[in-house]
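# Residue-level structural notes
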Amino acid sequence: MKDRYILAIETSCDETSVAVLKNEEELLSNVIASQVESHKRFGGVVPEVASRHHVEVITDCLQDALAEAGLQASDLTAVAVTYGPGLVGALLVGLAAAKAFAWANKLPLIPVNHMAGHLMAAREQGELTYPLLALLVSGGHTELVYVTEPGEYYIVGETRDDAVGEAYDKVGRVMALSYPAGREIDRLAHQGKDRYEFPRAMINDDSLDFSFSGLKSAFINLCHKAEQKGDSLSKEDLCASFQEAVLDVLLIKTQKALQAYPVKTLVVAGGVAANQGLRERLAAEIKDVDVLIPPLRLCGDNAGMIALAAAAEYEKGHRAGLDLNARPSLSFARLP
Ligand code: KG4
Ligand code: ZN
């Protein structure tokens, strides 16, 4: 069979990325231009700044990804692009680039859901067997997804307010850590003790949904009260206590989901899947299923994961026209 090459573009948030995938599994290149330094001083992503950066570097990223793969546009089979969820202005830059490139080179266009990308990055870690369950934890999303077959994703549980990564970044801000704070909180947590009491919301109900806004508020209140009284709190212990509360909830809900949907494979993916504490708890507590977590380089936003998800979409014959639009709130359907 002829080799198949998919070029993928990802610009949904603050990383401009272009990748080339050969035959479903071999990433020949995965160029990532991060803008995180530009957003740090604002303590979060500024949408206008993000769009402008994407425009500045997208062409170079495209050329670099092709050059690194040792290919020319004429060698490609298809172009894939993230069309949601994400920041509308940021998504539009990737979409415009993908459409122009596909049109100029007479290539089919494959629309990819960013969260499907996070999930399918686990393919780099091993063969996926279906049906499978996935815990997706990122800066904008926290959801349990049931995947019946490649390309068929259904939500069985999701956060009703903040995403896990968002909670990490917000409490990080209160502790004056730089954005994004997840990694630093994870590091500090390993040096501290779980001695401040934080709530674990919704762990005793039947739903597979999450809520993290109460935990975030409890954390902020504790810090403000201590500040008013002139007490000092241990940053390490705060991080350890916060992280234990988050991980307890994630583990309990994941175990519940595994009971409700018996599967052989659990995927844990998204930016927060880089968390060492989460990886340790999964290894210690999830015994009866294979746990696949993407390698660290594919946990954060990147186009490699979009190409991996696009391979499944390509097989299913999913194609988009040049009228493909950005879908900032794109989401998987709830399982009927
Ligand atoms: O998936 P991602 O790169 O972007 C989105 O699609 O949102 O996730 C970014 C999020 C940020 O909130 C960041 O703080 C968090 O992932 N993160 C972590 C860790 N590394 C990144 N959270 C906890 N522990 C980590 N080690
Ligand atoms: Zn992401």
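Structural data are supplied above this passage.
Since the model is a prediction, treat every value here as computed from it, not as a measurement. (Residues numbered from 1 in each chain as written. Chains lettered and ligands numbered in written order. Predicted model: local features only at pLDDT ≥ 70, side-chain atom pairs only at ≥ 80, totals over all residues. Heavy atoms only, no water.)

### Some details on the pattern of salt bridges
For the record, the criterion: Any Lys or Arg side-chain nitrogen located within 4 Å of an Asp or Glu carboxyl oxygen qualifies as a salt bridge. Each helix is a run of DSSP H or I of at least 4 residues and each strand a run of E of at least 2, with the numbering of both proceeding from the N terminus.
For the structure on display, the rule yields 20 salt bridges. As a salt-bridge pair, arginine 4 and glutamate 24 come within 2.8 Å of each other at their nearest N and O atoms. Of this pair, arginine 4 sits in the segment before β1 (5–10) while glutamate 24 sits in the loop between β2 (15–22) and β3 (26–34), placing them 20 residues apart in sequence. For the salt bridge of glutamate 152 with lysine 316, the shortest nitrogen-to-oxygen distance reads 3.1 Å. Of this pair, glutamate 152 sits in strand β8 (residues 152–158) while lysine 316 sits in the loop between α10 (303–315) and β11 (333–334); the two residues are 164 residues apart in sequence, bridging distant segments of the chain.

### Examining the sheet that holds strand β6 (residues 132–137)
The cut-off we apply is this: Any two strands with at least two DSSP bridges between them are considered paired.
In space, the six strands of this open sheet follow the order β10-β9-β6-β7-β8-β11, with mixed pairing throughout. For this open sheet the edge positions go to β10 (290–292) and β11, each flanked by a neighbour on one side alone. Relative to strand β9 (residues 265–269), β6 is paired through five bridges, and the arrangement is parallel. When the sheet's bridge partners are listed, alanine 134 is paired in β9 with valine 267.

### A closer look at the side chain of lysine 216
The line we're drawing: Buried means the residue's accessible area, taken with a 1.4 Å probe over protein chains only, is under 20% of the maximum for its type, while exposed means over 50%, and partly exposed covers the values in between. We call two residues contacting when some pair of their heavy atoms lies within 4.5 Å.
Relative to the elements of secondary structure, lysine 216 occurs in helix α7 (residues 213–229). When its relative accessible area of 13% is taken as the criterion, lysine 216 is described as buried. Those residues in contact with lysine 216 that sit more than four places away from it in its chain are Asp162, Lys170 and Val171.

### So, α10
Threshold: Multiplying 1.5 Å by the helix residue count minus one yields the expected span of that helix. Here a polar contact is taken to be a pair of N or O atoms separated by no more than 3.5 Å, where protein atoms must pair a possible hydrogen donor with a possible acceptor and residues adjacent in sequence count only if both atoms sit in side chains.
Taking 1.5 Å per residue as the helical rise, α10 with its 13 residues ought to reach 18 Å, and the 18 Å between its terminal C-alpha atoms agrees with that figure. For α10, the tally of buried residues reaches 12 of 13 residues, placing the bulk of the element in the interior. Burial in α10 covers these residues: Ala303, Gly304, Met305, Ile306, Ala307, Leu308, Ala309, Ala310, Ala311, Ala312, Glu313 and Tyr314. Of the residues that open α10, the one with a side-chain oxygen 3.0 Å from the backbone nitrogen of glycine 304 is asparagine 302. Immediately beyond the C-terminal end of α10, within one or two residues, lies glycine 317, with a positive phi of roughly 80 degrees.

### Concerning the coordination of the zinc ion (ligand 2)
Selection rule: Donor atoms: N, O and S within 2.8 Å of the metal, or within 3.2 Å for Na, K and Ca. Because water is excluded, sites can look incomplete.
Here the zinc ion (ligand 2) is held by the protein donor atoms His114 (NE2), His118 (NE2) and Asp301 (OD), which lie 2.0 to 2.1 Å from it. Binding-site remark: the zinc ion (ligand 2) is held by donors from one chain whose sequence spacing is H-x3-H-x182-D. You can see histidine 118 sitting in helix α4 (residues 114–120) and its partner aspartate 301 sitting in the loop between β10 and α10, a full 183 residues away along the chain. The residues histidine 118 and aspartate 301 share a single accessibility class, namely buried.

### Section: unusual backbone geometry
The linkage connecting tyrosine 130 with the following residue, proline 131, adopts the cis geometry, with an omega of 0 degrees. Geometrically, the link from tyrosine 179 to proline 180 is a cis peptide bond, its omega value of -10 degrees lying close to zero. Along the chain, proline 180 falls in the loop between α5 (164–174) and α6 (182–189). Residue asparagine 23 is not a glycine yet carries a positive backbone phi of 45 degrees. Within the secondary structure layout, asparagine 23 lies in the loop between β2 and β3. According to the relative accessible area criterion, asparagine 23 is partly exposed, its value standing at 22%. Unlike most non-glycine residues, lysine 106 shows phi in positive territory, near 55 degrees. Residue class for lysine 106 comes out exposed when judged on its relative accessible area of 76%.

### Some thoughts on the packing of α5 against helix α8 (residues 235–260)
We apply this condition: Axis definition: a line fitted to C-alpha atoms, over the contacting stretch in the case of helices. Angles run 0 to 180 degrees between N-to-C directions. Just so you know how the angles are binned, under 35 degrees is roughly parallel, over 145 roughly antiparallel, 65 to 115 roughly perpendicular, and the rest oblique. All residues other than Ala, Val, Leu, Ile, Met, Phe, Trp, Tyr, Cys, Pro, Asp, Glu, Lys and Arg, Gly among them, are scored as polar; the first ten of these are nonpolar and the last four charged.
One can describe the packing of α5 onto α8 by two numbers: an axis separation of 12 Å at closest approach and a directional angle of 170 degrees. Accordingly, the angle class assigned to the pair α5 and α8 is roughly antiparallel. Two secondary-structure elements touch here, α5 through Val164, Ala167, Tyr168 and Val171 and α8 through Phe242, Gln243, Val246 and Leu250. For the contact of α5 with α8, the residue count by class is seven nonpolar, one polar and no charged.

### Focus: the site of ligand 1
Under the convention used in this document: Here a residue is considered near a molecule or strand provided that any single heavy atom belonging to it is located within 4 Å of it. Shrake-Rupley sampling with a 1.4 Å probe provides the accessible areas, and residues are treated as covered by the protein chains on show and by no other component. Grid points spaced at 1 Å and placed over the protein atoms alone form the basis of the search, with a cavity being a set where a 1.4 Å probe fits but cannot get out and a pocket an open set showing protein on both sides within 12 Å along at least five of seven lines. Lining residues have an atom within 4 Å of a point. Cavities and pockets are treated as containing a molecule whenever more than half of the molecule's atoms lie within 2 Å of their grid points. All the domain ranges listed were derived from an automatic or database domain assignment.
By nearness alone, 19 residues border ligand 1, and His118, Gly139, Asp169, Gly271 and Asn275 come closest of all. Note that an oxygen atom of ligand 1 is positioned 3.2 Å from one of the side-chain N or O atoms of histidine 114. At 3.1 Å from an oxygen atom of ligand 1 is found a main-chain nitrogen or oxygen belonging to glycine 165. Starting from 560 Å² of accessible surface for ligand 1 in isolation, the protein chains cover 86%. When atom positions are compared with the pocket grids, ligand 1 is found to occupy the largest pocket. Those elements that provide at least two residues to the shell around ligand 1 are α4, α5 and α6. A per-class count over the shell around ligand 1 returns five nonpolar, 10 polar and four charged. Each of domain 1 (5–120 + 300–334) and domain 2 (126–298) accounts for three or more of the residues forming the shell around ligand 1.

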